Amino acid sequence: LGDIRDRNRVYRSMKNVDIVFHAAALKHVPSCEYNPFEAVSTNVIGTENLISAAIDNGVEKFIGISTDKAVNPINTMGATKLLSEKIIIDTSISQANTKFCCVRFGNVLDSVGSVIPIFREQIKNKGPLTITDKEMTRFFMTMSDAINLVLKASEITEGGEIFILKMDVIKITDLAKALIDGLGPKYGHKPQHIRI
């Protein structure tokens, strides 16, 4: 147990490690917006701590878990994850012993923080389902897709790549309607209202 912002703890935890799967990050968009220095401290400086510890401890492979929000970021979380990706990938240029790569996730279906548990709770409480923009789309992957992508990346990396799965895209309003149809009867009611 430790914090990636604690350089000494990270160094101790990396002893005799062959592969690092770096998934530690602040990923909640509003939390990062309201606490940008914390997001930078964890997502950027914490990543640099892990990279240094991996190199100094002779780690064979380092796989950073990133997000589709790192593409043309419009928020603090996405910007810090883009910077994290850049640090990981650029380390491959100057570092030959440890192989560094990233995988970029979309929305992992039914994971913590995914829209599905949020919609499920809203349906259970008789709605309304809340959506930021009716034209919003999201890229989705299953948990097993995410795991397979990470394992495949660790298998085939030569260093310096960003691995991205070809994902399905869905309009959030279509997902909300499908969940209402599927879960409404389970809770004995069918919320009709979607609030934009």
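Residues numbered from 1 in each chain as written. Predicted model: local features only at pLDDT ≥ 70, side-chain atom pairs only at ≥ 80, totals over all residues. Heavy atoms only, no water.

Here's the deal with helix α4 (residues 76-94)
At step 1: Given a rise of 1.5 Å per residue, 19 residues ought to cover 27 Å, and the 28 Å separating the end C-alpha atoms of α4 matches this to within 8%.
At step 2: All of the buried residues along α4 are Thr-76, Met-77, Gly-78, Thr-80, Lys-81, Ser-84, Glu-85, Ile-88, Ile-89, Thr-91 and Ser-92.
At step 3: Residue Asn-75 occupies the N-cap position of α4, its side-chain oxygen lying 3.4 Å from the main-chain nitrogen of Met-77. (Helix = DSSP H or I, 4+ residues; strand = E, 2+ residues; numbered from the N terminus. Expected span 1.5 Å × (residues − 1). Buried < 20%, exposed > 50% of the residue type's maximum accessible area, 1.4 Å probe, protein only. Polar contact = N/O pair within 3.5 Å; in protein donor to acceptor, adjacent residues only side chain to side chain.)

Here we look at the confidence of the model for the protein chain
At step 1: For the protein chain, per-residue confidence averages 92 on the pLDDT scale, and 99% of positions sit at 70 or higher.
At step 2: Of all helices and strands in the protein chain, the one with the weakest mean pLDDT is strand β4 (residues 107-108) (86), whereas strand β1 (residues 19-22) scores best (98). (pLDDT = per-residue confidence, 0-100.)

Structural notes on the sheet that holds strand β6 (residues 137-141)
Sheet strands associate in pairs through backbone hydrogen bonding, adopting either a parallel or an antiparallel arrangement.
At step 1: Within the open sheet, the three strands sit side by side as β4-β6-β8. Their pairing is mixed. This sheet does not close on itself; its edge strands, each paired only once, are β4 and β8 (168-171).
At step 2: Relative to β6, β4 runs parallel, the two being bridged by two bridges. Counted as the bridge partner of Asn-107 is Phe-140 from β6.
At step 3: Its contacts with the sheet place helix α6 (residues 143-156) against β4 and β6, and it is angled at close to 70 degrees to β6. (Pairing = 2+ DSSP bridges. Contact = heavy atoms within 4.5 Å. Axes fitted to C-alpha atoms, helices over the stretch in contact; angles between N-to-C directions.)

With respect to the pattern of salt bridges
At step 1: Following the criterion strictly, the structure yields six salt bridges and no others.
At step 2: One salt bridge in this structure joins Glu-135 and Lys-171, with 3.6 Å as the shortest N-O distance. One end of the pair, Glu-135, is in the loop between β5 (129-130) and β6; the other, Lys-171, is in strand β8, and 36 residues separate them in sequence.
At step 3: For Lys-152, the salt bridge identified is with Glu-155, shortest N-O distance 3.6 Å. Remark: Glu-155 and Lys-152 occur in helix α6; sequence separation between them is three residues, near one turn of the helix.
At step 4: Looking at Lys-152, the relative accessible area reads 44%, which means it is partly exposed.
At step 5: Exposure remark for Glu-155: the relative accessible area of 56% places this residue in the exposed category.
At step 6: Each member of the salt-bridge network shares a partner with another, and the members are Asp-3, Arg-5 and Glu-38. (Salt bridge = Lys/Arg side-chain N within 4 Å of Asp/Glu carboxyl O.)

Things to note about the pairing of strand β3 (residues 99-105)
At step 1: Counting buried positions over the seven residues of β3 gives six, a clear majority of the element.
At step 2: Taken together, the seven bridges between strand β2 (residues 61-67) and β3 define a ladder with parallel strand orientation. Across the sheet, the residue bridging to Gly-64 is Cys-102, located in β3.
At step 3: Where the polypeptide runs from β2 across α4 and back to β3, its parallel neighbour, the crossover connection is right-handed.
At step 4: Pairing between β3 and strand β7 (residues 162-164): three bridges, direction parallel. (Right-handed = clockwise from strand over helix to strand, strands pointing away.)

Quick look at the environment of Ala-96
At step 1: Structurally, Ala-96 can be placed in the loop between α4 and β3.
At step 2: For Ala-96, a relative accessible area of 74% translates into the label exposed.
At step 3: A C-alpha to C-alpha distance of 9.6 Å links Ala-96 and Ile-55, two positions 41 residues apart in sequence.

Overview of the side chain of Asn-57
At step 1: Considering the arrangement of structural elements, one finds Asn-57 in the loop between α3 (36-56) and β2.
At step 2: Excluding its chain neighbours within four sequence positions, the residues that come into contact with Asn-57 are Tyr-11, Met-14 and Lys-15.

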